[in-house]
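# Analysis of the macromolecular model
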Amino acid sequence: MLRILLAEDDANHATLARQTLEEDGHVITVAKDGRQALDAMGRQPFDLVLLDMRLPVMDGREFIDRVRGMPVRYADIPIVVLTGYGLRQHLDFFRRFGVHDYLAKPYDCDELTAIVRSYDHS
C-alpha cells in the first residue's frame, strides 16, 4: 500500500485514477492544482506523486522543480507524470529532475496500476 498524491485538475481523470488505485489498496489524496499539491506535501507524508503536467496555479514543471529543491524527505520522491500534451518536449527536463515514468493520456488503468505497483516495495 502506498500513500499517493494525485495532482490532477480534470475531475474525470482524477476520479478514474483514484478509484483504480484505491481498489488496488492505495491511499489517494487528490490535489486540483500545483499549489494544493505542494501544500499537501507539507502536511502529510507521501510515497509517490502522480502529476499532471498541465495544472492551474502552478504547472508540473514548476512543481517538480520545487519538490526537487525540498529537504531530503521529498527531494527523491518518485514522480510519475501524466500528460495528454506530448512528452518529447519534456524528456530532457524529466531526465534532469529524476522523473523516470510517465503515461500519455488517455492511459489504460492496468498500465497505471502496473507502474504504481513497481514503486510498492512493502
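Residues numbered from 1 in each chain as written. Predicted model: local features only at pLDDT ≥ 70, side-chain atom pairs only at ≥ 80, totals over all residues. Heavy atoms only, no water.

## A word on the pattern of salt bridges
- Under the defined criterion, the tally for this structure stands at six salt bridges.
- The shortest N-O distance in the salt bridge between Lys-105 and Glu-8 comes to 2.8 Å. Here the residue Lys-105 occupies a position in the loop between strand 5 (101–104) and helix 6 (109–117), and Glu-8 occupies one in the loop between strand 1 (3–7) and helix 1 (11–23), the gap between them amounting to 97 residues.
- With a relative accessible area of 19%, Lys-105 lands in the buried category.
- Taking the shortest distance from any N to any O, the salt bridge between Glu-62 and Arg-66 comes out at 2.8 Å. One end of the pair is Glu-62 and the other is Arg-66, both in helix 3 (residues 60–68) and four residues apart, which spans about a single turn.
- Among the residues examined, Arg-66 registers a relative accessible area of 36% and is labelled partly exposed.
- Bridged by salt links that share partners, the residues Glu-8, Asp-52 and Lys-105 form one connected network. (Salt bridge = Lys/Arg side-chain N within 4 Å of Asp/Glu carboxyl O. Helix = DSSP H or I, 4+ residues; strand = E, 2+ residues; numbered from the N terminus. Buried < 20%, exposed > 50% of the residue type's maximum accessible area, 1.4 Å probe, protein only.)

## A short note on the sheet that holds strand 3 (residues 48–52)
- One open sheet accounts for five strands, arranged 2-1-3-4-5; its pairing is parallel. Across the chains shown, the open sheet's two edge strands, defined by having one partner strand only, are strand 2 (27–31) and strand 5. Geometrically, the sheet is characterised by an average inter-axis angle of 20° between neighbouring strands, direction not taken into account.
- Looking at chain direction, strand 1 and strand 3 are connected through four bridges and run parallel. Across the sheet, Leu-5 pairs through a bridge with Val-49, a residue of strand 3.
- With respect to the sheet, helix 2 (residues 34–43) is in contact with strand 1, strand 2 and strand 3, its orientation differing from that of strand 1 by roughly 160°.
- Relative to strand 3, helix 3 is tilted by about 155°, and along the sheet it contacts strand 1, strand 3 and strand 4 (79–83). (Pairing = 2+ DSSP bridges. Axes fitted to C-alpha atoms, helices over the stretch in contact; angles between N-to-C directions. Contact = heavy atoms within 4.5 Å.)

## So, helix 1
- Over its 13 residues, helix 1 runs 18 Å from end to end, which matches the ideal 18 Å to within 8%, given 1.5 Å per residue.
- Within the sequence span of helix 1, burial applies to Ala-14, Ala-17, Thr-20 and Leu-21. Along helix 1, the residues classed as buried sweep out an arc of 140° about the axis, all on the same side. In helix 1, the exposed positions angled more than 90 degrees off the buried face are occupied by Ala-11, Asn-12 and Glu-23.
- Turning to helix 1, the residues buried within the fold contact strand 1, strand 2, strand 3 and helix 6.
- At the N-terminal boundary of helix 1, the capping side chain belongs to Asp-10, with an oxygen 3.0 Å from the backbone nitrogen of Asn-12.
- Residue Gly-25 follows helix 1 closely and has a positive phi angle near 100°. (Expected span 1.5 Å × (residues − 1). Arc of directions from axis to C-beta. Polar contact = N/O pair within 3.5 Å; in protein donor to acceptor, adjacent residues only side chain to side chain.)

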